[in-house]
Amino acid sequence: KQEVTQIPAALSVPEGENLVLNCSFTDSAIYNLQWFRQDPGKGLTSLLLIQSSQREQTSGRLNASLDKSSGRSTLYIAASQPGDSATYLCAVGGAKLIFGTGTRLQVFP
Amino acid sequence: DTAVSQTPKYLVTQMGNDKSIKCEQNLGHDTMYWYKQDSKKFLKIMFSYNNKELIINETVPNRFSPKSPDKAHLNLHINSLELGDSAVYFCASSQVQGGPSGNTIYFGEGSWLTVV
C-alpha cells in the first residue's frame, strides 16, 4: 500500500530564503508525481508534474526533483516571497493519486 | 472562466438529511474525481469516472453515490448524512485516468459540508 509522507509539516521562513520541501513514498512503482499548492479556503493548484521517466521539472522559481529508487521528491523554492505562503502537497500517481499530508509554509516579510 | 466549478461552496445541514454537491468541468476532460479532505487536511480519493463510467470506488459508505449524466458533470449525492461526513469535498478532472502518461489534475475550489 502506497504511503506518502511530507516533512516538515510546517515551515516558517523570512522572505528571500531558498527552501526545500520533502516528499517520500513507500512504493517506487509510480507513474508520476505532482506538487500542488493549496491556499486557505481554496482548491488545489497544480505546480509541477514529473513523469516517472523524468528526474526534475522547473517552473519559474520552483524546481521539483524525483528519485524513484529512493522514493523521494523535493520541491525547491528559490527566493521565497510572502505570496508563497500556502500548504504544499505532493501526490504520487498510479491508477489514482495518493496525497501526502502537506507542508504548511509561511514566508514572512 | 472557472475550469472546474462545484456548488454549493458551503453547506450546513442536519444529521439524517440527504444532500447533493454538483460539479462541472469545461476543460473537455474525460476523467472526473471526487476527493474528501478531512479535518486533518488529509486528501483522499473517493470516486473516479472516465467518460461517465465508474473507474475507482474507494471504500466509501454506500450512502455516497456519484452520478455522471455526461462526461462534463459528476455530482455527488449523500444520503442520511452523519456527523462524520463533515469535511471538504473536492471535485477534480484530468484528461486521462492516469497511468504512464498521467496528466495534470485540476481541482475545484471545494465544498465545505458541515453536518450538525
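Residues numbered from 1 in each chain as written. Chains lettered and ligands numbered in written order. Predicted model: local features only at pLDDT ≥ 70, side-chain atom pairs only at ≥ 80, totals over all residues. Heavy atoms only, no water.

### Notes on the overall build of chain B
A tally of helices and strands in chain B yields 0 helices and 11 strands. Counted from the first residue to the last, chain B has its helices and strands arranged as β-β-β-β-β-β-β-β-β-β-β. Over its C-alpha trace chain B gives a radius of gyration of 13 Å, about what one expects of a compact globule, namely 13 Å for 116 residues. The principal-axis extents of the C-alpha atoms in chain B amount to approximately 40 × 30 × 30 Å. Counting all 116 residues of chain B, 43% fall into the buried class. When contacts within chain B are restricted to residue pairs at least 6 apart in sequence, those whose partners lie at least 24 apart make up 55%. On chain B, roughly 5800 Å² of surface is accessible, and the fraction owed to carbon and sulfur atoms is 49%. (Helix = DSSP H or I, 4+ residues; strand = E, 2+ residues; numbered from the N terminus. Rg over C-alpha atoms; globule rule 2.2 N^0.38 Å. Buried < 20%, exposed > 50% of the residue type's maximum accessible area, 1.4 Å probe, protein only. Contact = heavy atoms within 4.5 Å. Areas by Shrake-Rupley, 256 points an atom, 1.4 Å probe, with all protein chains shown as cover.)

### Regarding the interface of chain B and chain A
Each partner contributes to the interface: chain B provides 22 residues, whereas chain A provides 19 residues. Note on chain B versus chain A: buried area summed over both sides is about 1700 Å², and carbon and sulfur give 54% of it. Linking chain B with chain A are 1 salt bridge, by the criterion used here. Among the ionic pairs, A:Lys42 bridges to B:Glu109, the shortest N-O distance being 3.9 Å. The tally of links from chain B across to chain A stands at 2 residue pairs in polar contact (both at pLDDT 80 or more). Every element with two or more residues in the side of chain B that touches chain A is listed here: strand S4 (31-37) and strand S5 (43-50) of chain B. Counted by class, the side of chain B that touches chain A contains 10 nonpolar, 9 polar and 3 charged residues. (Buried area = accessible area lost by both parts, 1.4 Å probe. Salt bridge = Lys/Arg side-chain N within 4 Å of Asp/Glu carboxyl O. Polar contact = N/O pair within 3.5 Å; in protein donor to acceptor, adjacent residues only side chain to side chain. Nonpolar A, V, L, I, M, F, W, Y, C, P; charged D, E, K, R; others polar.)

### Side note on the confidence of the model for chain A
Across chain A, the average pLDDT comes to 93, with 98% of residues at or above 70. Mean pLDDT across the elements of chain A ranges from a minimum in strand S10 (residues 97-99) of chain A, with 89, to a maximum in strand S8 (residues 72-77) of chain A, with 97. (pLDDT = per-residue confidence, 0-100.)

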